[in-house]
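Structural description and commentary
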Amino acid sequence: MTPQAAAARYDLPEPDAFTRPYWDAAAQGRLLLRRCGACTRAHHYPREFCPRCWSEDVTWERASGHATLYTWSVVHRNDLPPFGSRVPYTAAVVDLAEGPRMMTELVDCDASALTIGMPLMVTFRHEEGRESIPVFGPEG
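Parameters at a glance
- Residues numbered from 1 in each chain as written.
- Predicted model: local features only at pLDDT ≥ 70, side-chain atom pairs only at ≥ 80, totals over all residues.
- Heavy atoms only, no water.
- Salt bridge = Lys/Arg side-chain N within 4 Å of Asp/Glu carboxyl O.
- Helix = DSSP H or I, 4+ residues; strand = E, 2+ residues; numbered from the N terminus.
- Pairing = 2+ DSSP bridges.

**A closer look at the pattern of salt bridges**
Pairing between side chains becomes possible if they bear opposite charge and their charged atoms approach one another. Counted by the stated rule, this structure contains seven salt bridges. In this structure, the salt-bridge partner of Glu 105 is Arg 125, at a minimum N-O distance of 2.8 Å. One end of the pair, Glu 105, is in strand S6 (residues 101–106); the other, Arg 125, is in strand S7 (residues 119–125), with 20 residues separating them in the sequence. Linked by salt bridges that have partners in common, Arg 20, Asp 24 and Glu 131 make up one network.

**Notes on the sheet that holds strand S2 (residues 42–43)**
One open sheet accounts for three strands, arranged S2-S1-S3; its pairing is antiparallel. Each having just a single partner strand, S2 and strand S3 (58–62) make up the two edges of the open sheet. In the sheet, strand S1 (residues 32–36) pairs with S2 via two bridges, with the strands oriented antiparallel. Across the sheet, residue Arg 35 finds its bridge partner in S2, namely Ala 42.

Here it is as structure tokens:
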């Protein structure tokens, strides 16, 4: 294995000029969404247009961080670095309080305690020199 292949990370984003505000906010512990000025609906993942009405009148908005659990899967095997060192982990889809669904990881909660509709709150995985990643844990 080459040193470059050994250093590959499959859990980190590749920010660009458009998504930079999202990742900067995450580094400060804030979750951002995009909201459409035409149809007023929020969406996630960040796009330069509304995925519902195609309007380009979209702006950044701070999300509350509250969510409910929609579905999850406990991952017991993942060969891509660095996921192998994290197994088992819980991959999930959550419904954000503002409306959009978001793929994420659940933290600080035993998988046996998970229930559909469970209240969750955003937190962030911070790693020196890397983008901060939003993850969710039990509310309260």
